Amino acid sequence: MGPEAPLARSVVLIGLMGAGKSVVGRRLANVLGVPFVDADAAIEEAAGCTIAEIFARFGEPAFREGETRVISRLLEGPPCVLATGGGAYMNEDTRQNIAAHGTAIWLKADLDLLVRRTAGRSHRPLLNQGDPRQILGDLMARRYPVYAGADVVVQVSDESPDATCRRVLNALIGHLGHRLPLAIP
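Residues numbered from 1 in each chain as written. Predicted model: local features only at pLDDT ≥ 70, side-chain atom pairs only at ≥ 80, totals over all residues. Heavy atoms only, no water.

Let us look at the overall build of the protein. If you tally the helices and strands in the protein, you get eight helices and five strands. Written out in order from the N terminus, the α and β elements of the protein read β-α-β-α-α-α-β-α-β-α-α-β-α. Dimensions of the protein, computed from the C-alpha atoms along their principal axes, are close to 50 × 35 × 25 Å. The proportion of buried residues among the 185 residues of the protein is 48%. For the protein, the proportion of contacts with a sequence separation of at least 24, taken over those separated by at least 6, is 76%. As displayed, the protein offers around 8,900 Å² of accessible surface, 52% of which is attributable to carbon and sulfur atoms. Across the protein, 20 positive and 20 negative side-chain charges occur, with their mean positions spaced 3 Å apart. (Helix = DSSP H or I, 4+ residues; strand = E, 2+ residues; numbered from the N terminus. Buried < 20%, exposed > 50% of the residue type's maximum accessible area, 1.4 Å probe, protein only. Contact = heavy atoms within 4.5 Å. Areas by Shrake-Rupley, 256 points an atom, 1.4 Å probe, with all protein chains shown as cover. Lys, Arg positive; Asp, Glu negative; His and termini not counted. Charge placed at Lys NZ, Arg CZ, Asp CG, Glu CD.)

Next up on the list: the pattern of salt bridges. Enumeration according to the criterion identifies eight salt bridges in this entry. With a shortest N-O distance of 2.8 Å, aspartate 162 and arginine 27 are connected by a salt bridge. Of this pair, aspartate 162 sits in helix 8 (residues 161-176) while arginine 27 sits in helix 1 (residues 21-32); the two residues are 135 residues apart in sequence, bridging distant segments of the chain. A salt bridge links arginine 95 to glutamate 92; the nearest nitrogen and oxygen atoms lie 2.4 Å apart. Here arginine 95 pairs with glutamate 92, and both are found in helix 5 (residues 92-101), just three residues apart, close to one helical turn. Judged by its relative accessible area of 21%, arginine 95 falls in the partly exposed class. (Salt bridge = Lys/Arg side-chain N within 4 Å of Asp/Glu carboxyl O.)

Another point: helix 5. Of all the residues in helix 5, the buried ones are Thr94, Asn97 and Ile98. Buried residues along helix 5 cover an arc of 100° about the axis, so they all sit on one side. Among the structural elements, strand 1 (10-14), helix 4 (60-76) and strand 4 (102-108) are those in contact with the buried residues of helix 5. (Arc of directions from axis to C-beta.)

It is worth spelling out the pairing of strand 1 at this point. A large share of strand 1 lies buried, amounting to five of its five residues. Taking every second residue as pointing to the same face, both faces of strand 1 are buried, with Ser10, Val12 and Ile14 on one and Val11 and Leu13 on the other. Bridging between strand 1 and strand 4 involves five bridges; their strand directions are parallel. Among the inter-strand pairings, leucine 13 is bridged to a residue of strand 4, identified as isoleucine 105. The pairing of strand 1 with strand 3 (residues 81-83) spans three bridges and is classified as parallel. When the bridges of strand 3 are listed, leucine 13 appears paired with alanine 83. (Pairing = 2+ DSSP bridges.)

Right, let's get into the packing of helix 6 (residues 111-118) against helix 7 (residues 132-147). Two elements in contact, helix 6 and helix 7, have axes separated by 10 Å at closest approach and are oriented at 130°. The orientation of helix 6 relative to helix 7 falls into the category oblique. Crossing geometry of helix 6 relative to helix 7 is assigned as right-handed. For the pair formed by helix 6 and helix 7, the contact residues are Leu111, Asp112, Leu114, Val115 and Thr118 on the first element and Arg133, Leu136, Gly137, Met140 and Tyr144 on the second. Taken together, the residues of the contact of helix 6 with helix 7 sort by class into six nonpolar, two polar and two charged. (Axes fitted to C-alpha atoms, helices over the stretch in contact; angles between N-to-C directions. Parallel < 35°, antiparallel > 145°, perpendicular 65-115°, else oblique. Left-handed = near helix turned anticlockwise from the far one by under 90°. Nonpolar A, V, L, I, M, F, W, Y, C, P; charged D, E, K, R; others polar.)

Quick look at the structure:
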C-alpha cells in the first residue's frame, strides 16, 4: 500500500435502483471530505422538472441524452462522489467519460434486495410499467454484464449503510493502491 494521496478522480457509483448509490455515496463523500452529487438531482435541476416528468413529456431517449451531458459536465469538475442513475453506465460515451475522469464502483445487489428496497416507490418511472420484480430481473439481465466493466465491484447486502460505505472505501483504496486522507477516520 503506497503513501497517502488525495482523491484525484471522482468516484462514480453505478448499479440498479435500490442498490444504495445515494445513501452510501453521501456517507462516502463525507468520509473522503469531497462533495456528493446525485446525478438524478443534477438532471432535475438542469431540466427544471422531475425525472418522471422528463420521461412522460419527452421519453427515455431525451432523458438519456440529458443525463449524458450532465454527467460529462460533473466529471469535468473537481473530484466528488457521483451517484448515477441505473441506466447511465449503459451509454458508451458515459462509460468512456467515467473511465477517463473517474473510478467506477458497481454496487452489485441481488434481486430480492432490490425488490425490497424499491417496493412502493412511485418516483421510479421504469418500475411503474408492470411487475417490479420482473422489470428489475430484466434490467439485471441487460445491465449486469455491462456493469461488470466497472473498476471495482462491491457486493451489497442487507447490512447498514455505514458498513457498506466501509467496504466500498476499502475496495476503493485497494484499487487505487494508496491510502486516502479521510475527513472522518
